[in-house]
Each structure stands twice: as C-alpha cells, then as structure tokens.
Amino acid sequence: MNFEYTETQIMIAASVKDFAKTHIKPYIMEWDEKQIFPVDLFRQIGDMGFMGVMVPEEYGGSGLGYHEYVLILEEISKVCGAIGLSVAAHNSLCTGHIMQFGSEEQKRKWLPKLASGEFIGAWGLTEHNTGSDAGGMSTTAVKDGDYYVLNGAKNFITHAISGDVAVVIVRTGEKGDSHGMTAFVVEKGTKGFSSGKKEDKLGMRASETAELIFDNCRIHKDHVLGEVGDGFIQSMKVLDGGRISIAALSLGIAKGAYEAALKYSKERVQFGKPISSFQGISFKLADMATEIEASELLIHKASALKNANKPMTKIGAMAKMYASECCVRTANEAVQIHGGYGYTKDFPVEKFYRDSKLCTIGEGTTEIQKVVISRKILKD
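How each quantity is defined
- Residues numbered from 1 in each chain as written.
- Predicted model: local features only at pLDDT ≥ 70, side-chain atom pairs only at ≥ 80, totals over all residues.
- Heavy atoms only, no water.
- Phe/Tyr/Trp six-rings, centres within 6.5 Å; stacked < 30°, edge-to-face > 60°.
- Helix = DSSP H or I, 4+ residues; strand = E, 2+ residues; numbered from the N terminus.
- Buried < 20%, exposed > 50% of the residue type's maximum accessible area, 1.4 Å probe, protein only.
- Lys NZ or Arg CZ within 6 Å of the ring centre and 35° of its normal.
- Contact = heavy atoms within 4.5 Å.

A look at the packing of aromatic side chains
- The final tally for this structure, using the stated rule, is 8 aromatic pairs.
- For the ring pair F193 and F214, a centre distance of 5.2 Å and an interplane angle of 15° mean the geometry is stacked. With F193 in strand β6 (residues 193–198) and F214 in strand β7 (residues 209–220), the pair connects residues that are 21 residues apart, well separated along the chain. F214 carries the same exposure label as F193, and that label is buried.
- Relative to F347, the ring of Y341 lies with its centre 5.6 Å away and its plane at 55°, an arrangement referred to as tilted.
- The partly exposed category is assigned to Y341, whose relative accessible area is 42%.
- A relative accessible area of 26% means that F347 is categorised as partly exposed.
- Put simply, the rings of Y264, Y341 and F347 touch in pairs and so form one group of aromatic residues.
- Looking at R218, its charged tip hangs above the ring of Y147, at a distance of 4.8 Å from the centre.

Structure representation (structure tokens):
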C-alpha cells in the first residue's frame, strides 16, 4: 500500500487550505452566531471545482476520486465543520445520488449546475417519526397519469431552504417494503414544494437545516431516479459513500481541534513551564494524535475500495464510527487542555467541541454503524 500523497493531491490540499484561510476563517463566528448559511461562498467553492469533486469532467465536474475528496473536506473542516458538512452533503448525497442513478438526460440536466455551484443540492430521507426506520416513512407519491403527487414532509434536511434542487425518497408502495420507495428530483419553485422550520442547532450552525414540505406537489415521471421502487436500495448505496464524507468531516474537525490544543499547550506557561511539558497534557496529545492517525488510515482504506468499485460497506462504517468518536474525544480533550479558556468563544476549540457531536449522529449514529459492521462480520 502507498501511504504517500501524490503531488496533485498535495497541491489540492494546499489550494483548499489557502481558500479556507482567506474566505472562511474570518467569518466563521459571525456565521455561527447568526446561523448564516453563506450561499455566495458556495458559488466560490463551485468555481474552485469543489462542488462536483467526483462528477466526471463531461458533466462539468472535477473528475477526482475519493482520496482527493477526503483531503478537500478535511482542509475545509479544519477551519469550519459547518461549511465542511454542507460541502459533504451537496457532493455525496444530492449530487452523488443523481450521478449514480440518474439517466443520461438527468445527468446532463442537473449535474453541470450542481458541479459549478450554480445549484445547491439537498437530499431528503429522514422524517419526524422515522429516523433510522426509513421503511416506515409517511411521505407518499401517488401516480396520476404522467405525474406523481407528493404529500408529506422531510426533516433535518441540509439546504432545505437555500437548496435549488432536492433528491427525495418517498413511499410509492406499502410501509416497511424495501421496494416500496422511490427517489425523485424536485426543483425549487415547483408548486406544492416548500421549506419549513429552520432548526436552531447546538453546532454546525452555518450549515442550514430545515424541513422539506410537499403539499399536492406534482412531479413528472421524468424526475424519477432509476426505477420506481428502488429508492431505498439506492439510498443505502448512496449512504455508503456518505459515511466516507462524514468520516472526512470528522477527521478535519479532529485535526483542527488537535492543532489548536497543541499550539496552546506550547504557549501556555504554568509553574514556569509550557503545559505541554507536563505528562498529563502530553499524554492527552499523544492519544489524540494516535486516534487521528488511525482514523485517517481507515478513511483512506474505505476511499481506495470505493475508487476501485469494491465492497466497502464494512470499512466505510468502521471509518465513520471510529473517526466520529475520535472527533468528539479530541474536541473534548482540546477544551480540557485549554482549561477555562476552552469554554469561551475567544478560542476555536469551543466551536470544534459543539460541531463535533453531529458527526456521531449524522448519516447514521454510532450505534447504527455498529449494526452495519456486526452484520457484515457475522455474515462473513
């Protein structure tokens, strides 16, 4: 195995790092405190080629692989997890779903605008009473000639208000039937399609989260992704890649928190010495660095399998589970190393701490990842 990044990958990471320093870092606390979703920033990210990282060049994308995608998310999330989350959701969920299962006509219609950042994408699976139990969803699509009539609501949807296009999975069959759900592409401005309550969140506050509402929303059959009834099966495949996204997001937040703690420990003097010289602090840093390194290896193993179109559900779930837990532990220890200052907004670890918790919840909780992993290892 090759553990070295290529020159191209190093250049991409440096480019993202410079972009984040210039266009994200100066504004993160304003966006966080006011819950501002900076739409214009995502147009700039599109200009950089980071809104269609894995979209083939023929559809206006960058045509890169998962290793590059991980590096991009990592560098953005080192600075702001909320922006990293939105880039991840746009790329791996909405754009990724259309890229994997859309017809040639659908790809040519939506992928260029998503890849350029002209369109911001949303993806809707979760409902109020059906978090991990997607088969029990209540939002329905009833066929009416060449159209489907959608009714219901999705919640906890990233970009539900600002998104220009959404991929939504709704029920076209019986509850509990894994072949009774279908994926549709719905554009903003479609009659009967609207957004609802914006969530007031603990962290990731610059990444917009709200409801998608369907009230007799008529969608032409041309907007069905793949076959009718395949929506749930498609979603599970999309979420395989989504696990890498959240793992990369977790890695970036963990690295950001660790680097801040390391810097502070060298500058903070107590009893005539930098606190990094005390074993209680240096051991914390050693644990943090080791877990980050292990997370990174798992993530890139999952990325290599994904790039090669090999089965990666187990490794992807492991990467997501381990990296997200590492992220929370690292952020927690970073606050601890800062002491009282870590509890204030004058230092970045306070925000890393708040943002980190979403990583163990989004795209399936830690417990869900353990279910996925245990099923795979017991089956094998």
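Re the environment of V53
- For V53, the location among the structural elements is in the loop between α3 (39–47) and α4 (66–79).
- Since its relative accessible area comes to 0%, V53 is described here as buried.
- A sequence separation of 87 residues divides V53 from T140, and the C-alpha atoms of the two residues are 32 Å apart.
- If sequence neighbours within four positions are ignored, V53 has contacts with S62, G63, L64, G65, Y69, I72 and N91.

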